[in-house]
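# Remarks on the overall topology
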Amino acid sequence: QVQLVESGGGLVQPGGSLRLSCAASGSIFSIDGMGWYRQAPGKQREMVATISGGSINYADSVKGRFTISRDNAKNTVYLQMNSLKSEDTAVYYCNVNVAKTWPARVVNYWGQGTQVTVSS
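### Notes on the state of the cysteines
In the structure shown here, the tally under the stated rule is one disulfide. With its sulfur 1.9 Å from that of its partner, Cys22 forms a disulfide with Cys94. Given an S-S torsion of about 45°, the disulfide between Cys22 and Cys94 has right-handed geometry. Here Cys22, found in strand E3 (residues 18-26), pairs with Cys94, found in strand E9 (residues 90-100); they are 72 residues apart in sequence, far enough to count as distant. Of the two residues, Cys22 and Cys94, both sit in the buried class.

This is the structure we're talking about:
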């Protein structure tokens, strides 16, 4: 079993910053990739940022403001969010692809979500 525990969400004023973290624990043998997604009420869940190997991708709406990083020793992924806007308000979910063997496969896991609210 793999569990993802998210933290760092909260209420922040426009222009402020937050740092989200997501720690994976359990049956972790190797991780193919990690990422952050968000979903606002009535909206589709969208990709915010992903990191896999040496590849990093950002949604156009967050480029230049958000930074994704990871600590492999701690199986943790972070999302540094700067210059926050009201449009960033959403529930943020971390996502991890765990590589397993016997049989070889990739299993996807989602965190519980953490609320980010940007408001004055």
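### So, unusual backbone geometry
Note that the residue after Trp102, namely Pro103, is joined by a cis bond; omega there is 0°. Relative to the assigned elements, Pro103 resides in the loop between E9 and strand E10 (105-110). Phi at Ser83 takes a positive value of approximately 50°, unusual for a residue other than glycine. Although it is not a glycine, Trp102 adopts a positive phi angle of roughly 55°.

### Focus on the pairing of E10
As judged from the six bridges shared by E9 and E10, these two strands associate in the antiparallel manner. Each bridged residue has a counterpart across the sheet, and for Ala99 the counterpart in E10 is Val106.

### Section: the pairing of strand E6 (residues 55-58)
Here four bridges tie strand E5 (residues 46-52) to E6, and the two strands are oriented antiparallel to one another. Directly across from Thr50, in E6, lies its bridge partner Asn57. Between E5 and E6, which pair antiparallel in sequence order, lie two residues; one of them, Gly53, sits at a positive phi of approximately 60°.

### Thoughts on the sheet that holds E3
Consider a sheet: its strands pair through backbone hydrogen bonds, and that pairing is either parallel or antiparallel. Within the open sheet, the four strands sit side by side as E1-E3-E8-E7. Their pairing is antiparallel. Edge positions in the sheet fall to strand E1 (2-7) and strand E7 (66-71), since each has one partner strand and no second. Neighbour-to-neighbour, the strand axes of the sheet open up by a mean angle of 15°, direction not taken into account. In the sheet, E7 pairs with strand E8 (residues 76-81) via six bridges, with the strands oriented antiparallel.

### Focus on the nonpolar core
With 29 residues, the main nonpolar core has Leu4, Trp36, Val48, Phe66, Leu79, Met81 and Tyr92 as its most contacted residues. It is E9 that contributes the most residues to this core, five residues altogether. If near-sequence neighbours (up to four positions away) are discounted, Tyr92 is found in contact with Glu6, Leu20, Trp36, Tyr37, Arg38, Val48, Phe66, Leu79, Met81, Gly113, Thr114 and Val116.

### Here's the deal with the packing of aromatic side chains
Across all of its chains, the model carries two aromatic pairs by this definition. Taken together, a centroid distance of 5.1 Å and an interplanar angle of 70° make the contact between Tyr37 and Trp110 edge-to-face. Separated by 73 residues along the polypeptide, Tyr37 in strand E4 (residues 30-39) and Trp110 in strand E10 bring together distant segments of the chain. Tyr37 sits in the partly exposed class, given a relative accessible area of 22%. For the pair Tyr93 and Trp110, a centre-to-centre distance of 6.4 Å together with 90° between the ring planes defines the contact as edge-to-face. A residue pair is termed long-range when its members are at least 10 positions apart, and Tyr93 in strand E9 and Trp110 in strand E10 qualify at 17 residues.

About the criteria used
Residues numbered from 1 in each chain as written. Predicted model: local features only at pLDDT ≥ 70, side-chain atom pairs only at ≥ 80, totals over all residues. Heavy atoms only, no water. Disulfide = S-S within 2.5 Å. Helix = DSSP H or I, 4+ residues; strand = E, 2+ residues; numbered from the N terminus. Buried < 20%, exposed > 50% of the residue type's maximum accessible area, 1.4 Å probe, protein only. Pairing = 2+ DSSP bridges. Axes fitted to C-alpha atoms, helices over the stretch in contact; angles between N-to-C directions. Core = buried A, V, L, I, M, F, W, Y, C linked by side-chain atoms within 4.5 Å. Contact = heavy atoms within 4.5 Å. Phe/Tyr/Trp six-rings, centres within 6.5 Å; stacked < 30°, edge-to-face > 60°.

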